[in-house]
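# Examining the three-dimensional arrangement
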Amino acid sequence: MSELLRVRDLKIGAHVIPPDGDPFDIEIVHGVSFDLKKGQVLGLIGESGAGKSTIGLSALAYGRGGVEITGGEVFINGSDILKDSLGNLRKLRGHVVTYVSQSAAASFNPAKKLMNQVTESCIQHNLCSQSEAEERAVTLFRKLGLPEPETIGDRYPHQVSGGQLQRVMTAMALCPQPDLVVFDEPTTALDVTTQIDVLAAIKEAIRDTGVGALYITHDLAVVAQVSDQIMVLQNGNTVEYGDTEQIINRPAEAYTQALVSIRSAEHAEKLPTDAPVLKVDGISARYPGTKFDVLNDVSLELRPGQTLAIVGESGSGKSTLARTITGLLPQRSGEITFDGRGLTQTLAERSKEDLRELQMIYQMADVAMNPRQTIAMIIGRPLEFYFGLRGSERDKRVRELMDEIELGPEFLSRYPAELSGGQKQRVCIARALAAKPKLIICDEVTSALDPLVADGILKLLLNLQKIEGVSYLFITHDLATVKSIADTIAVMHRGKVVRYGPKSQVLSPPFDDYTDLLLSSVPEMKSGWLEDVIAHRKMESAGN
Amino acid sequence: AVLGQVHPVQAAEPVKGGHFVLGLKGGESTNSLDPALSASQVPFNVLRGWGETLLNVAPDGGLEYRLAESVEATDDGQSWHFTIRSGVKFHNGETMTAQDVLKTMERHSNEDSKSGALGIMRGIDSMSVEGNVFTVNLTTASSDLPYLLADYHLVIQPNGGMDDPAAGIGTGPYKITENEPGARHGFEKFADYWDDSRGHYDTYEIIVINDDTARAAALQSGQVNAINIVSPKTAKLFGRAPGISIETTSGRGHYVFVMHVDTPPFDNKDLRLALKYSVNREEMVEKVLNGYGAVGNDTPINDAYPLFDETIPQRQFDLDKAREHYEASGHDGSPIILRVSDAAFAGALDAAALFQQSAQAAGIPLEIKREPADGYWSEVWNKQPFAASYWGGRAVQDQMYTTAYLSTADWNDTRFKNADFDELLLQARAELDENKRKDVYGQMGRLLNEEGGLINPMFNQFIDGVSAKVAGWEANPNAEMMDGFIASKTWFE
Amino acid sequence: MIRIPTSALIGLVITAAYFLAALFAPLIAPFGVGEIVGDVWEPMSSKFLLGTDGIGRDLLSRMIYGGRTTIFVALAATILSFTLGTILALTAVVVGGWVDMALSRFIDLIMSIPTLIFALVVLSVMPVTILVLILVMGLLDVTRVYRLARAVAQDINVMDYVEAARLRGEGTPWIVFREILPNALSPLVAELGMRFIFMVLFVSTLSFLGLGIQPPDADWGGIVKENKEGIVYGIPAALIPAFAIATLAISVNLVADWVLSRTTSLKGGR
Amino acid sequence: MSFVVIKLVSQRIALGLLLLLAATVLIFIGTQILPGDVAQSILGQSATPEALANLRRDLGLNEPALNRYFSWLGNALQGDLGTALTNGKDIAESISGRLNNTLFLAACAAVVSIPLAIFLGLLAVRYRNRWPDKMISAITLATISVPEFILGYIVMYFVAVKLQWLPSVAIVRPDMSVFDRFEAVAMPVIVLTFVVLAHMMRMTRAAILNVMESAYIETAELKGLSAFRIIASHAMPNAISPIVNVVMLNLAYLVVGVVVVEVVFVYPGMGQYLVDHVSKRDVPVVQATGLIFAAVYILLNTTADIIAILANPRLRHPK
Ligand SMILES: Nc1ncnc2c1ncn2[C@@H]1O[C@H](COP(=O)(O)OP(=O)(O)OP(=O)(O)O)[C@@H](O)[C@H]1O
Ligand SMILES: Nc1ncnc2c1ncn2[C@@H]1O[C@H](COP(=O)(O)OP(=O)(O)OP(=O)(O)O)[C@@H](O)[C@H]1O
Ligand SMILES: [Mg+2]
Ligand SMILES: [Mg+2]
């Protein structure tokens, strides 16, 4: 098989300009080498901020913002693209190599319909006609399990859920049928059932077209299913590089071993105690201008110091529920009670104290931070706003929070665009924690984090819960996380709560169909699992 | 007695035909064809194209008979008989009669009239027609009536224009074919015109070009054949362009500053004299008019008027005298505010700046206040005690004085109320002996020069630009563009 | 130290030079502003470095004094129209609802009245001073700035980070000044540069309506007009102030461009 | 979706009409406040007080203002704008000719300048901080900062006087062919283009630069799109609303504000028409013209608002 991608001693640096003080250069990637053959998949894993996305982008000879490739060689089909002219690179990008961005929310043009964006590469590189491209797109939408595949292309990016957007991004990358796709965390926002569809679609594309892939993820179980080889990264260095089977089963390095080992955050289910801190009673909601309810008669309760996990497939209305509780989307019917008092429908009428006590962490971290504020300002603001902390007092607290989310003080003067995906997510967490709330709605807060960091964050959250009695409404698709953190679980499906109860009860049989499907879809860290599941489902559906 | 003489016809042989284009300043989209409402240059020139008056004032100051064939006055000068020319046709095909003349005069002198000529009709007691003779009876004698009736507003219209004053139907050499006020006016030769010595072009048009530079460029690029109001600043430079001649004519127009003699501090004669002496008239003529003009002598009259008394001593620029008078006036040193706008006359601000500088040299605290051009004539002039103004002059001294310096004058913009002066004016009006009248006018001039509120630094010239293709130009001090007759009296070579 | 690119440096130097000349006019100018010292339109000479104007005043001196009025009035009016227009627009957008509706339509209404009528009416009811001049110019321009700022802010107001700030309970001032303004800055700065030029030209228009600058004082636009007749005959007296306006405009905008490139960069500028 | 749009547009149109009504009130009041009056202005220095009084009575200036407003409004609604006090001409008729000319000139200038400005703006972004950007900026800034009449003189001097390519006066006659009309407006269009270019170009540049660092631009770049397509097709739609607003402002200027250019090129348009009648205090004409200008502004502003909303799906379909 021919060599598709060959990277030698890649060095990547960045030019940092703090708002106050002198600019300086840092090195992000310190000489990485790897190879990829046609039809093969190389998994890149590693902690948040290790340089995975940066390396992925270098396969398109691209540096983000102030990032610049400072040394090394990147060969695609035998030619060094770092030496290519911009014109040649243009022929390469979007045609030979495509990219699935980590932050789908920001990567779509908000002013253009999804379909136009998906088919654009095909059209602009003269690969096929508009109608043919649209056909391809619809086929991909269907394979990726998107709802209404025929018409979803007519929507604008802000009109679909986080997970849906991510899948459209994948469709966009596959549409021109490239030689190499760089997948940057393509399933972080997906629930496990949907994730299987996406992984299957990716595998199919690889099988059918012989496309090679760089698959960046922090989820070892996922990477075990799709990749032939794995490279483990830490701080811009290769820690370990080998066949999937070897890395998963016989990791040589301590860091890899730590990644592979199971998670430690655990907590025993608490029994319902006091009066609920949050009570959601039969709410329905819909987006203005649409004609169906996204939430349908949802009722839930959350007790102080406990965690309610909401799981469910992508697009089932989890984020919408969060928006409704926070008052961003007024419910059509139903009541929301917080700490014993009824919450007004609209934000403007809520008291500052209510607002402080109820914090939300956005699913899409990159769009939830003002691009023109530094991290210090972003985290410091709630301190200033709610507690009137100023000057050194505030700085001290900001640093503490930064410590808690495992980010060094050097990040304080950076802008959001200068952070990695996981780092942004953590900043958002810190911002919510700064308010010392009673209840935090966490919308997929750990999905962008590698297991080690995620574990750290979960421990932090549990710790806070223990000390300060914070409650969490924890929206996630990751059942492992659910298991480790939740007291109560609600399973959502198409805007309804289909299963609801204490963790022990929800996660033990007998299951309803959907929960069964959900549980059986949790990837396992063994190769061949995906094929088995797919085969099994095919058989089942054939059986029906 | 028969006054004046018929002016001799042009010597050179005119050529007929062609399309003549005039580029004129002084037109607005508000202009009307109603002769009564004509006030600025373009309506004036338009009027001259399609209409005619009983008489014209000739370039030498005499009278030219047009629709009147002859004029006779009774010996006491109170009754005037105008014999109306016969066989003259209106553009609508009707024949002009003495009745039309009567109606026209009635329309302009009617109590309800809005005519700009109403003032000069004021002395008329009664009018009548007998056959082709039109008779005017005056309340008091006036030797100047034919001059007054030569006023350009008094164009004879069918039935005096009572039916439709703005129809544009007259007896002129050209018929009006297009009328877009503020933009253009089109004319074609009137086939039945009575006087073959006028109206040589087949068609002509007036294009309103209010911008000085644009007007000059239009002449230079051959788009128009003649322009009015060439800016004096650039006239010399402009005249160097090939194929263009600059025609300058001294007239009766004067650029002035007017003080209200009844308002402090201008009620103080010494202060007025101080200001008068501190004007450097030569410099103003040189810098504001670029030499295209003559110094004024604080009266509205110059040698373009008949019976001008040239013995009145010219006031000189004299800083010492100015200082003396200023000190004598006992003025408290507060700023004396002169209100100015270029709407008053072109270069008014410059003139004021020069005035301020020379006044300052004499220790007079003159301060200039720029007023908006919009509304200058209604809000500033004749309201504020010290302001810039422009007078176009009148055909005869009597008319000029009656309009602005008589105690009862309509536009007494200096608030000059002097019983002796009024007395002298009436005396002159009734005086039929020209030498005696000249003497009286001389006394009035001196009075005004010493006592009056008029600071008249300069008389301007008409500066017209004419293409070399145009023949038959003759200087006419009555108004610009050969008193508006350029289209009637010139031809293409 | 911030590294200043050459073009911005040129802009800064020229702008600063004009500002300093304006500031120290009485010290620098060889003659008084209204002093008649020579002949009409004298050419440049060692006595009159830029020649003389239409009635023999030293052009250089008039330019230096004129710069004073021009820069001061234009600057003050621009600042007024800018701060007011931007704050009103951003507040309207952030508060939304009927406040936005009422204010926006009110601005549309004011805008739809022809400037000439507006100016004349103001003129007739107010004393004519420099302050009134600045107010009139500034207020007339507020409408323009408002519409632009509103258009920009409207797009930003729907961003998730603004929503996040609302969720936190932030008041209008914070959202206006800290969330929206920094993200709206670059079109606004570009507009600021343009508005300054318009103001410089507008001063002379209003002066000729009789509002504001009184002779013998002058502003650059006014000097252009005073000497405009000479232009086609190669007399530079009108072109010199025009040139000054153009260079000032270009310099101010070079600086604006630099600010712009610092504000558009999400990395705090480079 | 289209329902939302239709609702929005019809709402805005209704509001626009309401605004127009309010504008008529303001204009009416404004014209009443203006000092000076028509009679004096028409007759100037050569009039007598009697003549003034007569004219004033003839013109109906002695009736109460409220009556005059309502009868004016009623007539205007029926398309009857009355007759000019100054020359007795039918206002609707004389305005329509002028308005046609103005719209023709504005349209020609807009057709040339708007695409050019936007194109130059895109080009400036494309070559940001390189010499084409600097050249474009410097030239357009220079032309915008020179007073209009100077540009007019310069163009006139070279094109008409020196080269004699075009007539120096842009006089239009009713019987002119379309080609002649184009020739007549050529020079005014050149000047107007110079005048409006910079503003639109600079705003295009700035608004686009403001979004050029967004993540979706990176996505577009990673699709291998040409720099120009990225700017025009990805950045532009997100920067459209400030650009549209500035374009509308300049369009409005082209319709209502070109007095100086009209005067220099002797073009019979609305600007000079308004100025003439304002200075003569010909109130009915000032009101009629004010009404038209107000309508133009309201129409353009409303259009800008609608486009801004249509261009941003988040405004059209709020969350
Ligand atoms: N423009 C920039 N300027 C400075 N530092 C940057 C810039 N972009 C990224 N970095 C830093 O480079 C490092 C690698 O970033 P990268 O986005 O490649 O991480 P990642 O491995 O993809 O992490 P994640 O899993 O969190 O997405 C991070 O520490 C980040 O802070
Ligand atoms: N602004 C909007 N207008 C119309 N429909 C919307 C809008 N936002 C979301 N939706 C639709 O509402 C449904 C629920 O969306 P929501 O964001 O709540 O899903 P979710 O459960 O959070 O999914 P994910 O796990 O993918 O984030 C989806 O089908 C989505 O397409
Ligand atoms: Mg990443
Ligand atoms: Mg979601």
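Keep in mind that this is a model prediction, so the values were computed, not measured.

### Quick word on the overall build of chain C
Each helix and strand counted, chain C has ten helices and zero strands in total. Counted from the first residue to the last, chain C has its helices and strands arranged as α-α-α-α-α-α-α-α-α-α. Overall, the C-alpha framework of chain C stretches about 70 × 50 × 30 Å when taken along its three principal axes. Of all 270 residues assigned to chain C, the portion counted as buried reaches 64%. Counting only contacts in chain C whose residues sit at least 6 apart along the sequence, the fraction spanning at least 24 positions is 71%. Computing the positive centroid from 18 side-chain charges and the negative centroid from 19, chain C places the two 6 Å apart.

### Some words on the interface of chain B and chain C
Of the residues lining the interface, 24 residues belong to chain B; the matching set on chain C comes to 28 residues. Between chain B and chain C, the buried area comes to about 2100 Å², and carbon and sulfur atoms account for 59% of it. Our count for the chain B to chain C interface comes out at one salt bridge. Note that D211 of chain B and K228 of chain C form a salt bridge whose closest N and O atoms lie 3.7 Å from each other. Where chain B touches chain C, the interface holds five residue pairs in polar contact (both at pLDDT 80 or more). At the level of elements, α4 (212–220), α5 (232–239), α7 (281–287), α9 (348–361) and β15 (366–370) of chain B are the ones that each hand at least two residues to the side of chain B that touches chain C. Looking at the side of chain B that touches chain C, its residues break down into nine nonpolar, five polar and ten charged.

### Examining the coordination of the magnesium ion (ligand 4)
All names here are of chain A. The coordination sphere of the magnesium ion (ligand 4) contains the protein donors S319 (OG) and Q363 (OE1), at a distance range of 1.9 to 2.1 Å. Here S319, found in helix α11 (residues 318–326), pairs with Q363, found in the loop between β16 (358–361) and α13 (375–387); they are 44 residues apart in sequence, far enough to count as distant. S319 sits in the partly exposed class, given a relative accessible area of 23%. By relative accessible area, Q363 is classed as buried at 16%.

### Describing the side chain of D257 of chain C
The topology assignment puts D257 of chain C in helix α10 (residues 239–264). Here D257 of chain C falls in the buried class, since its relative accessible area comes to 14%. Of note is the side chain of D257 of chain C, whose polar atom sits 3.1 Å from the side chain of R205 of chain D. Setting aside residues up to four positions removed in sequence, D257 of chain C forms contacts with S137, R202 and R205 of chain D.

### A closer look at the interface of chain D and chain C
With 59 residues of chain D at the contact, the number on the chain C side is 56 residues. Carbon and sulfur atoms make up 68% of the surface buried where chain D meets chain C, a total of about 5000 Å² over both sides. There are 15 residue pairs in polar contact (both at pLDDT 80 or more) connecting chain D and chain C. Looking at which element gives the most residues to the side of chain D that touches chain C, the answer is helix α13 (residues 283–311) of chain D, with eleven residues. Partitioning the side of chain D that touches chain C into residue classes produces 38 nonpolar, eleven polar and ten charged.

### A few points about the domain arrangement of chain A
All names here are of chain A. Looking at chain A, the domain boundaries give domain 1 (37–62 + 78–264) and domain 2 (278–508). Taken together, the contact between domain 1 and domain 2 spans 27 residues of the former and 27 residues of the latter. Regarding the contact of domain 1 and domain 2, the summed buried area is about 2100 Å², with carbon and sulfur atoms giving 54% of it. Our enumeration of links across domain 1 and domain 2 arrives at six residue pairs in polar contact (both at pLDDT 80 or more). Those elements that provide at least two residues to the side of domain 1 that touches domain 2 are α3 (104–107), α6 (162–174), α7 (192–209) and α10 (254–260). The biggest single contributor to the side of domain 1 that touches domain 2 is α6, with four residues. Counted by class, the side of domain 1 that touches domain 2 contains eight nonpolar, 15 polar and four charged residues.

### Brief notes about the packing of aromatic side chains
All names here are of chain B. Applying the stated criterion across every chain yields a total of 36 aromatic pairs over all chains. On the basis of an interplanar angle of 40 degrees and a centroid distance of 6.0 Å, the ring pair of F82 and F134 is categorised as tilted. Note that F82 is positioned in strand β5 (residues 79–84) and F134 in strand β7 (residues 133–138), a separation of 52 residues in sequence. This pair shows no difference in class: F82 is buried, exactly as F134 is.

### So, the site of ligand 1
The full set close to ligand 1 counts 24 residues, and K52, S53, T54, Q102 and G422 of chain A are the nearest of them. Nearby residues around ligand 1 are contributed by chains A and C. G51 of chain A has a polar backbone atom sitting 2.9 Å from an oxygen atom of ligand 1. In this structure, G422 of chain A approaches ligand 1 through a main-chain N or O atom, which is 2.6 Å from an oxygen atom. Protein chains bury 94% of the 640 Å² of accessible surface belonging to ligand 1 in isolation. For the shell around ligand 1, the secondary-structure elements that each account for two or more residues are β1 (3–16), β2 (24–37), α1 (52–58) and α15 (421–434) of chain A. Taken together, the residues of the shell around ligand 1 break down into eight nonpolar, eleven polar and five charged. Two domains share the shell around ligand 1, each providing at least three of its residues, namely domain 1 (37–62 + 78–264) and domain 2 (278–508) of chain A.

### Examining the site of ligand 2
Residues in close proximity to ligand 2 total 22 residues, the closest being G163, S314, K318, S319 and T320 of chain A. Ligand 2 sits at a junction of chains, with neighbouring residues supplied by chains A and D. Interatomic distance of 3.2 Å between a backbone N/O atom of S316 of chain A and an oxygen atom of ligand 2. Separating an oxygen atom of ligand 2 from a side-chain N or O atom of S319 of chain A is a distance of 2.6 Å. Here ligand 2, which alone exposes 640 Å², has 93% of that area covered by the protein.

### Digging into the pairing of strand β4 (residues 68–73) of chain B
Residues and elements named next belong to chain B. Looking at chain direction, β4 and β5 are connected through five bridges and run antiparallel. Bridged to A68 within β5 is I84. Counting the residues that bridge the hairpin from β4 to β5 gives five residues, and of these G77 lies at a positive phi of roughly 75 degrees.

About the cut-offs
Counting of residues starts from 1 at the beginning of each chain's written sequence and follows it residue by residue. Going through the entries in the order they are written, you letter the chains from A and number the ligands from 1. At least 70 in pLDDT is required for a residue's local features to be given in this predicted model, at least 80 for side-chain atom pairs to be given and counted, and no such filter applies to totals for whole chains, interfaces and linings, which use all residues. To obtain the side-chain values, all non-hydrogen atoms of the structure were included, while hydrogens and water were left out. In this description a helix means any DSSP run of H or I spanning at least four residues, a strand means any run of E spanning at least two, and both kinds are numbered starting from the N terminus. Burial classification: accessible surface area is computed with a 1.4 Å probe over protein chains only, and a residue below 20% of its type maximum counts as buried, one above 50% as exposed, and the rest as partly exposed. Contact between two residues is taken to exist if any of their heavy atoms lie within 4.5 Å; hydrogens are not considered. Positive charges are assigned to Lys and Arg, negative charges to Asp and Glu, while His and the chain termini are left out of the count. Positions of charges follow a simple convention, taking NZ of Lys, CZ of Arg, CG of Asp or CD of Glu. Here the quantity called buried area is the accessible surface, traced with a 1.4 Å probe, that two parts lose on coming together, added over both. We count a salt bridge whenever a side-chain nitrogen from Lys or Arg sits within 4 Å of a carboxyl oxygen from Asp or Glu. Here a polar contact is taken to be a pair of N or O atoms separated by no more than 3.5 Å, where protein atoms must pair a possible hydrogen donor with a possible acceptor and residues adjacent in sequence count only if both atoms sit in side chains. Under the convention adopted here, Pro, Cys and the residues Ala, Val, Leu, Ile, Met, Phe, Trp and Tyr are nonpolar, Asp, Glu, Lys and Arg are charged, and Gly plus all remaining residues are polar. Counted as coordinating are nitrogen, oxygen and sulfur atoms within 2.8 Å of the metal, or 3.2 Å for Na, K and Ca, while water is not included, which may make sites look incomplete. Either an automatic procedure or a domain database provided the assignment from which the domain bounds are taken. Stacked, edge-to-face and tilted labels apply to pairs of Phe, Tyr and Trp rings (six-membered ring for Trp) whose centres lie within 6.5 Å, assigned for plane angles under 30 degrees, over 60, and everything in between, in that order. The near set for a molecule or strand comprises every residue that places at least one heavy atom within 4 Å of it. Method for areas: the Shrake-Rupley scheme with a 1.4 Å probe, in which residue coverage is limited to the protein chains shown. Between any two strands, pairing holds if DSSP finds at least two bridges.

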